[in-house]
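Below, each chain spelled out in residue letters.
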Amino acid sequence: GLGDESDITQRGLEVIKGCKRVVLESYTSILPGLGKERLEALYGKPVEIAYREKVEEDIEEVIEEARGENVAFLVIGDPFGATTHTD
């Protein structure tokens, strides 16, 4: 998972660069000291922050877009760790 902008595999970076849209989930965790600008510089495209409301109530729009386009949904942290919420 993401701890800073360099915590991504080469393959993952290639996939993100090929996506039409990049969404960064920020409900279950945060990236202290890392602004989305650094991610955007690395990925070469805008990064949309998905706060709790987006993740819980408005995610259907992202899913619908992903049915026809490549959309990256980035999650911070270790995928094998327990979920903790930041609010």
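Each remark here, short or long, concerns the structure printed above.
An account of the accompanying structure is given in this report. (Residues numbered from 1 in each chain as written. Predicted model: local features only at pLDDT ≥ 70, side-chain atom pairs only at ≥ 80, totals over all residues. Heavy atoms only, no water.)

A few words now on the overall build of the chain. Within the chain, the regular secondary structure consists of four helices and three strands. The secondary structure elements of the chain, listed N-terminal to C-terminal, are α-β-α-β-α-α-β. Within the span of the chain, comprising 87 residues, buried residues form 30% of the whole. Across the chain, contacts joining residues at least 24 apart in sequence account for 77% of those joining residues at least 6 apart. Accessible area for the chain stands at about 5,600 Å²; split by element, carbon and sulfur atoms hold 52% of it. (Helix = DSSP H or I, 4+ residues; strand = E, 2+ residues; numbered from the N terminus. Buried < 20%, exposed > 50% of the residue type's maximum accessible area, 1.4 Å probe, protein only. Contact = heavy atoms within 4.5 Å. Areas by Shrake-Rupley, 256 points an atom, 1.4 Å probe, with all protein chains shown as cover.)

Within the secondary structure, valine 47 is located in the loop between helix 2 (36–43) and strand 2 (48–50). On a C-alpha basis, the gap between valine 47 and valine 22 in space is 5.1 Å, while along the polypeptide they are 25 residues apart. Leaving out residues up to four positions away in the same chain, valine 47 has contacts with Val22, Leu24, Lys36, Leu39 and Glu40.

What follows deals with the pattern of salt bridges. Throughout the structure, instances matching the rule amount to twelve salt bridges. A salt bridge links arginine 21 to glutamate 61; the nearest nitrogen and oxygen atoms lie 2.7 Å apart. Separated by 40 residues along the polypeptide, arginine 21 in strand 1 (residues 21–25) and glutamate 61 in helix 4 (residues 60–66) bring together distant segments of the chain. Through salt bridges with shared partners, one network takes in Lys20, Arg21, Glu48, Lys54, Asp58, Glu61 and Glu65. (Salt bridge = Lys/Arg side-chain N within 4 Å of Asp/Glu carboxyl O.)

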